[in-house]
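Inside the fold
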Amino acid sequence: MHLRATVAFDAESLLRAQALADRFDVPCLDARHLDTLKPRAIHRLVADNVDELEQDGVFVCAQDGVRLLSGGDQDGLMIQADFVGATVSYRREKGGGRRQMIAKAMGLKSGVFPHVLDATAGLGGDAFVLASLGCRLTLLERSPIVRALLAEGLSHGLRVAEETDPELSKILSAMSLHEADASTHLDQLEGAACPDVVYLDPMFPERSKSALVKKEMRVFHRLVGEDADAGALLPLALSKARYRVVVKRPRLAPFLNETKPSHSLTGKRNRFDVYVLKGMPDRLG
Ligand SMILES: C[S@@+](CC[C@H](N)C(=O)[O-])C[C@H]1O[C@@H](n2cnc3c(N)ncnc32)[C@H](O)[C@@H]1O
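Description of the structure in this document. Because the structure is a prediction, the values reported are computed rather than measured.

A look at the sheet that holds strand E7 (residues 136-140)
- Strand order in the open sheet made by the seven strands is E8-E7-E6-E9-E10-E12-E11, with mixed pairing throughout. Both outer strands of the open sheet, strand E8 (175-178) and strand E11 (263-266), are each paired with one neighbouring strand and no more. Pairwise comparison of adjacent strand axes, ignoring direction, gives a mean angle of 20° for this sheet.
- Of the pairings in the sheet, the one linking E11 to strand E12 (residues 270-276) comprises four bridges and is antiparallel in character. Residue pairing for E12: Thr-266 is matched across the bridge by Arg-271.
- The strands touched by helix H5 (residues 125-132) are strand E6 (115-118), E7, E8 and strand E9 (197-200); relative to E7, the strand with the most contacts, the crossing angle is about 165°.

Quick look at the pairing of strand E4 (residues 65-70)
- In terms of burial, E4 is largely enclosed, as six of its six residues are buried.
- Of the two faces of E4, the one carrying Gly-65, Arg-67 and Leu-69 and the one carrying Val-66, Leu-68 and Ser-70 are both buried.
- For strand E3 (residues 57-62) and E4, the ladder comprises six bridges, and the chain directions are antiparallel. Note that in E4 the partner of Phe-59 across the bridge is Leu-68.
- The antiparallel hairpin formed by E3 and E4 contains two residues in its connecting segment.

With respect to the site of the ligand
- What surrounds the ligand is a group of 21 residues, the closest being Thr-120, Gly-122, Gly-125, Arg-142 and Ala-182.
- Looking at the shell around the ligand, the elements with two or more residues in it are H5 and helix H8 (182-188).
- For the shell around the ligand, the class distribution of residues is nine nonpolar, six polar and six charged.

Notes on the sheet that holds strand E5 (residues 78-79)
- Spatially, E2-E1-E3-E4-E5 is the arrangement adopted by the five strands of the open sheet, whose pairing is mixed. Two strands close off the open sheet at either side, each with one partner strand: strand E2 (28-30) and E5.
- The strands touched by helix H1 (residues 14-24) within the sheet are strand E1 (3-8), E2, E3 and E4, with E1 carrying the most contacts at an inclination of about 165°.
- Against the sheet, helix H2 (residues 39-49) engages E1, E2, E3, E4 and E5, with an angle of about 115° to E1.

Regarding the nonpolar core
- If you look at the biggest cluster of nonpolar residues, it comprises 73 residues, and the most contacted ones within it are Val-7, Ala-119, Leu-200 and Ala-237.
- Taken together, domain 1 (3-79) and domain 2 (86-276) each give at least three residues to this core, which thus spans both.
- When residues no more than four places from it in sequence are discounted, the contact partners of Val-7 are Ala-17, Leu-29, Ala-31, Ile-42, Leu-45, Val-58, Val-60 and Cys-61.

Points about the environment of Ser-173
- Take Ser-173: it is sitting in helix H7 (residues 166-173).
- Note on Ser-173: 13 C-beta atoms within 10 Å, which makes it partly exposed.
- Through-space distance from the C-alpha of Ser-173 to that of Val-7 is 28 Å; in sequence the pair is 166 residues apart.

The rules we used
- Residues numbered from 1 in each chain as written.
- Predicted model: local features only at pLDDT ≥ 70, side-chain atom pairs only at ≥ 80, totals over all residues.
- Pairing = 2+ DSSP bridges.
- Helix = DSSP H or I, 4+ residues; strand = E, 2+ residues; numbered from the N terminus.
- Axes fitted to C-alpha atoms, helices over the stretch in contact; angles between N-to-C directions.
- Contact = placed C-beta atoms within 7 Å.
- Buried ≥ 20, exposed ≤ 12 C-beta atoms within 10 Å, placed from the backbone.
- Near = placed C-beta within 6 Å.
- Nonpolar A, V, L, I, M, F, W, Y, C, P; charged D, E, K, R; others polar.
- Core = buried A, V, L, I, M, F, W, Y, C linked by C-beta atoms within 7 Å.
- Domains from an automatic or database assignment.

This is the structure in structure tokens:
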């Protein structure tokens with residue numbers, strides 16, 4: 001998927017929309033006259049000024065952050081890296097803490113806060129859960145569009161949190177996003193720069209029955225494709241992680257790179273395959 005334009009919905013978002021337009025070398029459209037952020041209205045604005053969207057996308061910039069509207073269907077879904085909305089706040093407060101499967105897979109326990117390299121960060125949902133539990137996160141994302149959404153989500157979250165939520169500010173400050181392909185980054189890691197845990201969650205064909213998840217995944221698949229090269233990341237990750245590598249897979253998927261893990265944690269939809277290299281110390285981080 002390519003980006004076709006950026007759209008600014010209010011005066012405060014114009015500068016951000018222009019900066020993104022410059023970075024992606026696309027036009028920046030002024031949508032301050034629109035009284036709705038509905039996909040149809042944005043599609044019409046883009047069609048009138050640039051071209052029909054079809055398979056491409058538009059960054060829609062508003063006071064509450066930057067979303068990606070993808071082309072094609074008129075009631076298109078807008079995706080966003082959201083760290084301040086009601087759903088993420090609820091999960092942060094009531095999500096189950098270290099009892100969550102992802103926390104167990106990482107080996108989190110009292111006094112143990114590993115440095116996790118999330119080598120396939122996407123929109124940062126899993127990284128945010130781990131940062132909420134006290135981990136320090138390095139995030140890598142190779143898709144420029146996804147990385148821009150993630151960077152915008154983090155900076156919007158920090159702006160909101162600075163005024164209202166010091167705890168959220170601390171969590172987001174523990175997440176550092178890098179512009180890199182995971183294999184290049186992992187390859188270059190040495191000594192003290194090596195993370196305690198490497199986390200891999202490459203794309204996989206989605207079989208969820210939920211219409212919304214299906215639609216979100218369809219947009220995401222159009223954006224980044226299949227990650228067919230993901231298998232090669234596992235041996236690299238195993239050679240660079242200090243304590244373990246954790247791989248997220250759909251519940252019934254084969255092991256990544258056909259490599260059997262030390263153990264797996266299986267939930268309703270997903271499975272975490274854990275490759276233990278060394279026991280976690282009693283205190284870490
Ligand atoms: C399934 S998504 C990750 C979702 C993420 N765990 C979350 O909670 O939002 C996989 C992401 O990994 C990225 N990716 C795949 N291979 C990569 C690589 N070698 N280097 C960096 N990013 C990669 C893809 O572009 C995609 O955005």
